[in-house]
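Structure assessment
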Amino acid sequence: MADLVIPKTVVDDIIAHAKELTPHECCGLLAGTNGVVSHLYRIKNIVAMEGAQNLSSFDAAKVAHLERLSPAERAEIAFVMDMQDFSTAKKDMRNKGLDLQVVYHSHPHDPARPSVTDIKIASDYEEIWPKINLPIPAYLLISLMTSTPDVRCYWIKSGQVSPAHFAIQ
Ligand SMILES: [Zn+2]
């Protein structure tokens with residue numbers, strides 16, 4: 001039994017997005033109803049726009065969760081969702097009666113599994129989702145390491161990573 005059904009067209013969109021942004025990571029949201037994804041929202045990756053070396057100069061309000069990371073963890077961050085894009089997507093989901101289901105991002109040079117920093121950020125976000133009235137999403141990772149992009153999905157809860165079962169249709 002799949003936790004999520006993701007249309008092939010949406011997976012193709014994610015792959016296209018990942019390829020466009022490589023060597024930077026892409027990120028975005030998937031939303032739908034009853035476990036079936038119907039919408040993809042590309043979210044600007046602030047790191048890809050401004051360069052990871054500028055991360056320390058980011059507007060604190062934009063990236064509040066970064067304050068809780070050590071400098072070493074910050075240095076590893078490859079994507080930070082643009083809050084403006086995020087709010088726009090959230091509003092559109094509400095208007096259309098969709099649930100947030102997935103946060104996706106790409107790993108241009110690494111396997112499709114969450115990095116230590118990905119897990120740390122997801123764990124921090126676990127407290128944030130309910131406060132902004134959103135369910136805890138699954139995390140989809142796409143790796144461009146191999147000629148065929150590898151797509152995998154995970155739940156990250158209480159620092160534990162487990163596979164999220166998904167079907168591509
Ligand atoms: Zn990652």
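These remarks concern the structure in this document. For clarity, every value in this text was computed on a predicted model and none was experimentally measured.

Reading the values: the criteria
- Residues numbered from 1 in each chain as written.
- Predicted model: local features only at pLDDT ≥ 70, side-chain atom pairs only at ≥ 80, totals over all residues.
- Helix = DSSP H or I, 4+ residues; strand = E, 2+ residues; numbered from the N terminus.
- Buried ≥ 20, exposed ≤ 12 C-beta atoms within 10 Å, placed from the backbone.
- Contact = placed C-beta atoms within 7 Å.
- Pairing = 2+ DSSP bridges.
- Right-handed = clockwise from strand over helix to strand, strands pointing away.

A separate point is the overall build of the protein. What the protein contains, in helices and strands, is five helices and eight strands. Order of helices (α) and strands (β) in the protein, N terminus to C terminus: β-α-β-β-α-α-α-β-α-β-β-β-β. A burial count over the protein gives 30% of its 169 residues as buried. Within the protein, residue pairs in contact and separated by at least 24 positions form 72% of the contacts whose partners lie at least 6 positions apart.

Looking now at the pairing of strand β6 (residues 150-157). Sheet topology places strand β5 (residues 138-143) next to β6; five bridges connect them, and they run antiparallel. Across the sheet, L141 pairs through a bridge with R152, a residue of β6. Between β5 and β6, which follow one another and run antiparallel, lie six residues. Two strands pair when backbone bridges link them, and β6 and strand β7 (residues 160-163) are joined in this way by four bridges, in the antiparallel orientation. In the sheet register, Y154 faces β7, and the bridge partner there is P163. The hairpin formed by β6 and β7 contains two residues between the paired strands, and S158 there has a positive phi angle of roughly 50 degrees.

Positionally, P137 belongs in the loop between α5 (116-131) and β5. You can call P137 buried: it has 22 C-beta atoms within 10 Å. Note: C-alpha distance between P137 and L30 (107 residues apart in sequence) is 9.0 Å.

Another aspect to go through is the pairing of strand β4 (residues 99-107). In regular strands, side chains alternate between the two faces of the sheet. Taking burial as the measure, the nine residues of β4 include eight buried ones, the bulk of the element. Judged from the six bridges that link them, strand β2 (residues 27-33) and β4 form a sheet pairing that is antiparallel. Opposite L29, over in β4, you have V103 as the bridge partner. As a crossover connection, the stretch from β4 through α5 into β5 is right-handed.

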